[in-house]
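Architecture and fold: a report
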Amino acid sequence: MQIFETIGEMLSFTFMIRAIVVGLLVSLCAALLGVSLVLKRYAMIGTGLSNVGFAAMVIAGVIDVAPLALSIPVVVVTAFLLLRMNESSKIKGDSAVALISTSGLAVGVIVMGVTTGITLSICNILFGSIFAMTAADMYLSIALSAVVIIIFVLFYKQLYAVTYDESFARATGTKVEVYKSMLALLTAVTVVLGMRMMGALLIASLTLFPALSAMRICKRFLSVVIASAVIGVVCFFVGMVFSFALDLPPGATVVGVNLVVFTIFSVVTFVRQRGLR
Amino acid sequence: MALIICRDAAFAYENKIVVEGLNFQVGQKDYLCIVGENGSGKTTLMKGLLGLMRPKSGTIETGDGLKPTQIGYLPQQTSAQKDFPTSVYEVVISGRLSSRGILPFYSWRDHEAALENMEKLGILPLKKKSFKELSGGQQQRVLLARALCATKKVLLLDEPVSGLDPVVTAEFYHTIEALRRETGIAIIMISHDVRSGVEYATSILHLQNRQVFFGPADEYKESDVGRYFLRGGEFR
């Protein structure tokens, strides 16, 4: 079987194993969080965060600190800021995201422009690179993804309540703001972790596609969550295999696979609904 | 002992008084209908009752072992819920959120309560159905079951019949009335629909940025403010 040989060969490289471990975990977290983000109309937050993450990565490269050490705090702060802006009506949510994401890109590009002699590849940061993961990154990713997944499971019912009906959740004494902040915080961490491999411009798709695909086929919230996680993980792995076998950029290939799955699910649902009538 | 006692309470946003002079109480089996025009302070008072807003002056107390988080709340239907992928059962059991507190998952007790309340409202056969595929009346019953899961004593209904057709509206009022008679649960209803309010409720609270009437529904019908409002006029 050609496919198993390809996978076997792929797994013989240390950098590939790292990329796949980190990628699978990030895909899983992103797919879980994505369900709430999409349903709460926070879908664009991922885009805003990743572009700010881009600026943080560039600055980290210039002042020579570990990329995650700088970008995680910066992106977490941005996430809270976005949430606040979403709540206050002065700047509407979508404008706030657009403002922040374009500003992030601009800052990154300016910093790159004024610094000479740096070895950063802007292309790698924007579109991702398979070689980006060090062993330390991998362990950090494992730890943080574990935290994301544990929090998601422990607070599943609160997250459901806050996603479904904020006013009811509030009335029953749930600290809605706490859980919304939690969602923003976990999203920020996930985005930063996955960014270097998937690319700053593409990472947000991991929070969108699996959730949207799952919603085509599932009717219960729990099944949407589970399906989203499965779709996210499977699409990532399939995308990586394609990327390796055909020598395509990994981030874009993973997004491509997600797009295909989404399209198939949408068509199937459409045909099924037509057939019932 | 009354379940909710409001003494001389006033509510304000940033020092601007929205509603004041609130003196009323709600006891077991009471059916209080809160009426008034848009902007008369109904929603603000509702937030106060749910413990989401503190009175600027005066007090709102809960008695008889009731906590503000144990009021079963039926919010207005919002458009955000319309295409939410969730089953009827998931919606109903989320009413048990506060009883479970910070502990993860739901207990068997929570599951039993959910089933029991669905049975009570005749929606047990819909258990596995998708919420968004139900009719407006069925959805309202599901949300009512969720509210029942959150309380044993008081239901707070916020404009429950807006958007329902007349037949379903009548059904809904009957359901509420039956619940109150059978379980002794107190009902607080915020409504534009004054006529049905006086028909079903035992007492009326009329707001006009202050309390202009509180008393039995029969007296309200005879009062100046009540007669005027029931004719569809505005009381100044």
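Keep in mind it's a predicted model, so treat the numbers as computed, not measured. (Residues numbered from 1 in each chain as written. Chains lettered and ligands numbered in written order. Predicted model: local features only at pLDDT ≥ 70, side-chain atom pairs only at ≥ 80, totals over all residues. Heavy atoms only, no water.)

**Looking at the interface of chain B and chain A**
Facing the 32 residues of chain B at the interface are 28 residues of chain A. Of the roughly 2,500 Å² buried at the junction of chain B and chain A (both faces included), carbon and sulfur atoms supply 64%. Of all residues in chain B, B:Phe84, B:Pro85 and B:Leu97 bury the most surface against chain A, accounting for 26% of the area lost on that side. Across the chain B-chain A interface, the total number found is 3 salt bridges. In this structure, A:Asp165 and B:Arg146 form a salt bridge, with 2.8 Å as the shortest nitrogen-oxygen distance. Residues of the side of chain B that touches chain A, tallied by class, amount to 18 nonpolar, 9 polar and 5 charged. (Contact = heavy atoms within 4.5 Å. Buried area = accessible area lost by both parts, 1.4 Å probe. Salt bridge = Lys/Arg side-chain N within 4 Å of Asp/Glu carboxyl O. Nonpolar A, V, L, I, M, F, W, Y, C, P; charged D, E, K, R; others polar.)

**Remarks on the side chain of A:Ser181**
The topology assignment puts A:Ser181 in helix H10 (residues 176–198). Not counting residues within four places of it along the chain, the set of residues in contact with A:Ser181 comprises A:Phe80 and A:Leu83. (Helix = DSSP H or I, 4+ residues; strand = E, 2+ residues; numbered from the N terminus.)

**Some thoughts on the sheet that holds strand S4 (residues 57–62) of chain B**
Residues and elements named next belong to chain B. Strands sit in the order S2-S1-S4 across an open sheet of 3 strands; the sheet is antiparallel. Each end of this open sheet is capped by a strand with a single partner; those strands are strand S2 (16–26) and S4. Taking the axes of each pair of neighbouring strands and ignoring which way they run, one obtains an average angle of 25° across the sheet. Note: strand S1 (residues 4–13) against S2, 7 bridges, orientation antiparallel. Across the sheet, residue Ile-4 finds its bridge partner in S2, namely Val-26. Sitting on the sheet, helix H1 (residues 42–49) touches S1, S2 and S4, and the angle it makes with S1 is about 120°. (Pairing = 2+ DSSP bridges. Axes fitted to C-alpha atoms, helices over the stretch in contact; angles between N-to-C directions.)

**Side note on a nonpolar patch on the surface**
A contiguous nonpolar patch, built from A:Leu222, A:Ile226, A:Val230, A:Val234, A:Val238, A:Phe242, A:Leu246 and A:Leu248 and spanning about 660 Å² of accessible area, is present on the exposed surface. Tracing the sequence through the fold places A:Ile226 in helix H12 (residues 221–246). (Patch = residues over 30% accessible without salt bridge, like charges linked within 9 Å, V, L, I, M, F, W, Y side chains within 5 Å. Areas by Shrake-Rupley, 256 points an atom, 1.4 Å probe, with all protein chains shown as cover.)

**Details of the side chain of B:Gln211**
Tracing the backbone through its elements, the reader meets B:Gln211 in strand S9 (residues 211–216). For B:Gln211, the contacting residues outside a window of four places in its chain are B:Glu20, B:Gly21, B:Leu22, B:Asn23, B:Phe24, B:Leu205 and B:His206.

**Considerations on the pattern of salt bridges**
Residue and element names in this part refer to chain A. Counting across every chain of the model gives 14 salt bridges over all chains. The closest approach of N and O atoms between Lys-180 and Glu-166, which form a salt bridge, is 3.2 Å. One end of the pair, Lys-180, is in helix H10; the other, Glu-166, is in helix H9 (residues 166–171), and 14 residues separate them in sequence. Summarising the burial analysis for this pair, Lys-180 and Glu-166 share the class buried. Three or more residues are tied together by salt bridges with common partners; here these are Lys-40, Glu-166, Arg-170, Glu-177 and Lys-180. (Buried < 20%, exposed > 50% of the residue type's maximum accessible area, 1.4 Å probe, protein only.)

So, to be careful, I would describe these as geometric facts and stop short of saying anything about function.
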